Amino acid sequence: MSDPAGVILRRYAQYALDRLITTVPAAVVLVLGLRWTLHLPRGDGRMTPAYLTMGGFLLVVLVGNWFTEVWVPHRWLGGTPGMRCLGLRVVTERGETPGLRAYLIRWAMVIVDGYFFGLVGALAIALSPRHQRFGDMVARTLVVRRG
């Protein structure tokens, strides 16, 4: 198992890559949905298509993040696509492969780690003894270099 301190900058880059992977499809849904909304007749009394567009956007963001943060690491890669690109993986504190529950906990804790545009998680990684964000602390996982 590698030293967690050696992965701090890679983790920040990995977070940005993973957000890009989930944001681009959601932005496409948003743009296409808004374009569709602008071409519909007005005043027919039905639900505004803009609500459907926003709902589709939020659904793609939610499902995309779940897929990237939970399903892909659990089933295929041992880490998110961004981690894979940067040579990182998730392990338990004992160095074993985490189970689905650990990935779900890490994903749910993004709510806390994401405060102030991710600053809370970034500070936790930088200042905690084993360079873990709160999701890693609760799930008892570490992000290490693949080796």
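Remember, predicted model here, so these are calculated numbers, not experimental data.

Peer 1: Describe in detail the side chain of Asp-136, supporting the description with residues and values.
Peer 2: Relative to the helices and strands, Asp-136 resides in helix α7 (residues 134-139). Among the residues examined, Asp-136 registers a relative accessible area of 0% and is labelled buried. Polar contacts involving the side chain of Asp-136 include one to the side chain of Arg-106, which spans 2.6 Å. With residues near it in sequence (within four places) discarded, Asp-136 still touches Arg-11, Arg-106, Thr-141 and Val-143.

Peer 1: Report on the pattern of salt bridges, specifying residues and quantitative values.
Peer 2: Taken as a whole and judged by the stated rule, the model has five salt bridges. In this structure, Asp-136 engages Arg-106 in a salt bridge whose closest nitrogen and oxygen atoms are separated by 2.6 Å. Here Arg-106 lies in helix α4 (residues 100-108) and Asp-136 lies in helix α7, a separation of 30 residues in the sequence. A single salt-bridge network, built from bridges that share partners, covers Arg-11, Arg-106 and Asp-136.

So, how was this worked out
- Residues numbered from 1 in each chain as written.
- Predicted model: local features only at pLDDT ≥ 70, side-chain atom pairs only at ≥ 80, totals over all residues.
- Heavy atoms only, no water.
- Helix = DSSP H or I, 4+ residues; strand = E, 2+ residues; numbered from the N terminus.
- Buried < 20%, exposed > 50% of the residue type's maximum accessible area, 1.4 Å probe, protein only.
- Polar contact = N/O pair within 3.5 Å; in protein donor to acceptor, adjacent residues only side chain to side chain.
- Contact = heavy atoms within 4.5 Å.
- Salt bridge = Lys/Arg side-chain N within 4 Å of Asp/Glu carboxyl O.

None of the figures reported here should be taken as evidence of function without further support.
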